[in-house]
Amino acid sequence: MKVSSTSDHQLNGNFDAVYVTYYPRMVRFARDYVLLEEDAENIVQDIFVMLWEKRDVLDIKVSLVPYLFTLVKNRCLDFLRHKTAEEAFAKEYEAKQMALEQLNYAFSSDEDIEEILNAALNSLPERCREIFIKSRVEGKKYREIAGELNISVNTVETQMSVALRKLQISLKDYLPLLLFLLDVK
């Protein structure tokens, strides 16, 4: 490993001295961001392993200290991004678990299913609901609906898109079970 500038501890064959000198400082730095000592230690250890493995080909063109702390900063950022994604998935799974637990109570009869569907339909704007019912309940084609309501086919398509999006949102916790119970394919 070559260090191209002068620094307090160059890595010119003195890896142990660099490790002993900078490891504790880098762990303290990482811990300020990743919070847990164990995570900070793992990040810094991974950096030193990478430096050791690439020691023969690595050519550091800046001062050693900023280089090391830049590596730690970038690994901390990667770690935090990963944690954020994990937490988002955990929240989504928790919400799905709660929804499944609620389903135990939500569907004790056909009337319950009908009530949930009617509530979702009634939450739609009037014109949107009317177009949705004509299409999906009465089985009419968009052109027929447009002729009956004296509107364009494009307006019918737009209103159906709005209805489907709003229903998907309002029924998101019930949709998989509703599809199963209603045997929709």
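Above this text is the structure in question.
Residues numbered from 1 in each chain as written. Predicted model: local features only at pLDDT ≥ 70, side-chain atom pairs only at ≥ 80, totals over all residues. Heavy atoms only, no water.

**Student:** Would you mind going over the nonpolar core with me for this structure?
**Tutor:** One recurring pattern in soluble globular proteins is that nonpolar side chains are buried together. Counting 26 residues, the largest nonpolar core has Tyr 22, Met 26, Val 44, Phe 48 and Leu 51 as its most contacted members. Elements represented by at least two residues in this core include exactly helix H1 (15-34), helix H2 (37-53) and helix H3 (64-106). Among the elements that take part in this core, H3 stands out by supplying nine residues, more than any other. Not counting the four nearest positions on each side in its chain, Phe 48 is found in contact with Phe 15, Val 18, Tyr 19, Tyr 22, Tyr 23 and Met 26. Leu 124, Phe 132, Val 156 and Val 162 belong to the second-largest nonpolar core, a separate cluster that totals 17 residues. (Core = buried A, V, L, I, M, F, W, Y, C linked by side-chain atoms within 4.5 Å. Buried < 20%, exposed > 50% of the residue type's maximum accessible area, 1.4 Å probe, protein only. Helix = DSSP H or I, 4+ residues; strand = E, 2+ residues; numbered from the N terminus. Contact = heavy atoms within 4.5 Å.)

**Student:** Hey, could you run me through the packing of H1 against H2 in this one?
**Tutor:** Axis angle and axis distance: for two packed helices, these are the angle between their axes and the distance between the axes, and together they describe the pair. Across the interface, H1 lies against H2 with an axial gap of 8 Å and an inter-helix angle of 140°. Taken together, H1 and H2 sit at an angle that is classed as oblique. The way H1 lies across H2 gives a crossing that is right-handed. Only Glu 37, Asp 39, Ala 40, Glu 41, Ile 43, Val 44, Gln 45, Ile 47, Phe 48, Leu 51 and Trp 52 of H2 make contact with H1, whose side of the interface consists of Phe 15, Val 18, Tyr 19, Tyr 22, Tyr 23, Met 26, Val 27, Ala 30, Arg 31 and Val 34. For the contact of H1 with H2, a count of residues per class yields 16 nonpolar, one polar and four charged. (Axes fitted to C-alpha atoms, helices over the stretch in contact; angles between N-to-C directions. Parallel < 35°, antiparallel > 145°, perpendicular 65-115°, else oblique. Left-handed = near helix turned anticlockwise from the far one by under 90°. Nonpolar A, V, L, I, M, F, W, Y, C, P; charged D, E, K, R; others polar.)

**Student:** Would you explain the packing of helix H5 (residues 126-137) against helix H7 (residues 153-170) in this entry?
**Tutor:** Put simply, H5 and H7 touch, their axes get as near as 9 Å, and they point 95° apart. When the axes of H5 and H7 are compared, the pair comes out roughly perpendicular. Two secondary-structure elements touch here, H5 through Arg 127, Cys 128, Ile 131, Phe 132, Ser 135 and Arg 136 and H7 through Val 156, Gln 159, Met 160, Val 162, Ala 163, Leu 164 and Leu 167. The residue inventory of the contact of H5 with H7, partitioned by class, reads nine nonpolar, two polar and two charged.

**Student:** Help me understand H5, please; the structure alone is not making it clear to me.
**Tutor:** If you check H5, its first and last C-alpha atoms are 15 Å apart, about what 12 residues at 1.5 Å a residue would give, namely 16 Å. All buried positions along H5 are accounted for by Cys 128, Ile 131, Phe 132, Lys 134 and Ser 135. Summarising the axial view, the buried residues of H5 lie within an arc of 165°, below the 170-degree limit, and thus occupy one face. Of the exposed residues in H5, those oriented more than 90 degrees away from the buried face are Glu 126 and Val 137. Downstream of H5 by one or two residues, Gly 139 has phi in the positive range, about 75°. (Expected span 1.5 Å × (residues − 1). Arc of directions from axis to C-beta.)

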